[in-house]
Amino acid sequence: MPQPRRRELLASTAISLLAAPNVSLGAVVKGALPWTAGQADPPAQVTPGPWQFFTPDEAAAVEAAVDRLIPPDPETPGGKDSGCAVFIDRQLAGPYGRFESHYMKGPFRTGTKEQGDQSPLTPTRYYRMALAALDTHCRTDFAGVVFAKLTDDQKDTVLKGLEDGSLTLQGVDGKQFFSMLLIDTQQGFFADPIYGGNKDMAAWKMIGYPGARYDYRDWVHRHNERYPLPPIGIGDHPNWKL
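Participant: How should the nonpolar core be read in this particular structure?
Facilitator: Nonpolar side chains in soluble globular proteins tend to be buried together. With 36 residues, the main nonpolar core has Phe-54, Ile-88, Tyr-127, Phe-147 and Leu-169 as its most contacted residues. Those elements giving two or more residues to this core turn out to be helix H2 (56–69), helix H3 (84–92), helix H5 (123–141), helix H6 (152–164) and helix H7 (174–190). In terms of residue count, H5 provides more of this core than any other element does, seven residues in total. In this structure, Phe-54 is in contact with Ala-59, Val-62, Ala-85, Ile-88, Asp-89, Leu-92, Tyr-127, Arg-128 and Leu-131, ignoring residues within four places of it in sequence.

Given below as structure tokens:
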């Protein structure tokens, strides 16, 4: 069967576009952009309440894990008290959990490291399978004790095994799960508090980040000097409406 040549293909595409009605519409904008406040899909503020995705057992495991990934110290709360598990729970209950912005119709093949995860599993499915497999593994290796009930040293051993691939989970890639959990925990720790993590802006205070302030250019080049004003979040703005 003869293959179309590049020039023929481009020419036929151009003709199709010219012949198609209403391919594009133009408008003249004068004075100001046609923008209306509150019409730009603002983030929904996370409010205290029950878990929206995790079961109580899953939530206990995630809280235990994030508190070892970001352990507390005398100056800063750890991952649990900073709300990292709440952040992950709310993200999984939303579009991220369903990978709404991802192409999920296959083909599903093992990709290169640069391509990232190519599996058909959404984050919700990954977490659900991995947390169940994690507790199954811990019950087997630690005399019936689930991950959330292990000692801190035992939790660190399990997490290290997931990180380096020496610990395998049944039915799910443990190393991939650890990577996902670590990234989600980091995002929860440093994200704006409106998303459920970074409680009381503890992470921002720790690193001296000013938050969602309008202008701090005077301080950009003042290295090794602590910013004197407290951070502010999106929800702190007087015009913010829930």
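Participant: What exactly am I supposed to notice about H2 here?
Facilitator: Because each turn of an α-helix spans 3.6 residues, side chains separated by three or four positions in sequence point in the same direction. Compared with the 20 Å implied by 1.5 Å per residue over 14 residues, the 20 Å span of H2 between its first and last C-alpha is a close match. Taken as a whole, H2 has its buried residues at Glu-58, Ala-59, Ala-61, Val-62, Ala-64, Ala-65 and Val-66. On its buried face, H2 sits against H3, H5, H6 and H7.

Participant: I'm lost on the packing of H2 against H6 in this one. Help?
Facilitator: Axis angle and axis distance: for two packed helices, these are the angle between their axes and the distance between the axes, and together they describe the pair. Relative orientation of the contacting elements H2 and H6 amounts to 85°, with a least axis distance of 10 Å. Here H2 lies roughly perpendicular to H6, going by the angle between them. Here H2 contributes Ala-64, Ala-65, Arg-68 and Leu-69 to the contact with H6, which in turn contributes Asp-152, Lys-155, Asp-156 and Leu-159. Split into classes, the residues belonging to the contact of H2 with H6 amount to four nonpolar, no polar and four charged.

Participant: Would you mind showing me how to read the environment of Gly-188 here?
Facilitator: Here Gly-188 is to be found in helix H7. Residue Gly-188 is classed as buried on the basis of its relative accessible area of 0%. Separated by 103 residues in sequence, Gly-188 and Ala-85 have C-alpha atoms that sit 7.8 Å apart. Among residues more than four places away in sequence, those in contact with Gly-188 are Cys-84, Phe-87, Gly-197 and Asn-198.

Participant: What am I meant to see in the packing of aromatic side chains here?
Facilitator: Any two aromatic rings considered together are summarised by their centre-to-centre distance and by the angle between their planes. Here the structure, examined in full by the defined rule, presents eight aromatic pairs. Relative to Tyr-227, the ring of Trp-219 lies with its centre 5.7 Å away and its plane at 85°, an arrangement referred to as edge-to-face. By relative accessible area, Trp-219 is classed as partly exposed at 23%. Owing to a relative accessible area of 15%, Tyr-227 belongs among the buried residues under this scheme. An aromatic cluster is built from Trp-51, Phe-53, Phe-54, Tyr-127 and Phe-177, whose rings are joined through pairwise contacts. Taking the ring centre of Phe-53 as reference, the NZ or CZ of Arg-128 above it sits at 4.1 Å.

Parameters at a glance
Residues numbered from 1 in each chain as written. Predicted model: local features only at pLDDT ≥ 70, side-chain atom pairs only at ≥ 80, totals over all residues. Heavy atoms only, no water. Core = buried A, V, L, I, M, F, W, Y, C linked by side-chain atoms within 4.5 Å. Buried < 20%, exposed > 50% of the residue type's maximum accessible area, 1.4 Å probe, protein only. Helix = DSSP H or I, 4+ residues; strand = E, 2+ residues; numbered from the N terminus. Contact = heavy atoms within 4.5 Å. Expected span 1.5 Å × (residues − 1). Axes fitted to C-alpha atoms, helices over the stretch in contact; angles between N-to-C directions. Parallel < 35°, antiparallel > 145°, perpendicular 65-115°, else oblique. Nonpolar A, V, L, I, M, F, W, Y, C, P; charged D, E, K, R; others polar. Phe/Tyr/Trp six-rings, centres within 6.5 Å; stacked < 30°, edge-to-face > 60°. Lys NZ or Arg CZ within 6 Å of the ring centre and 35° of its normal.

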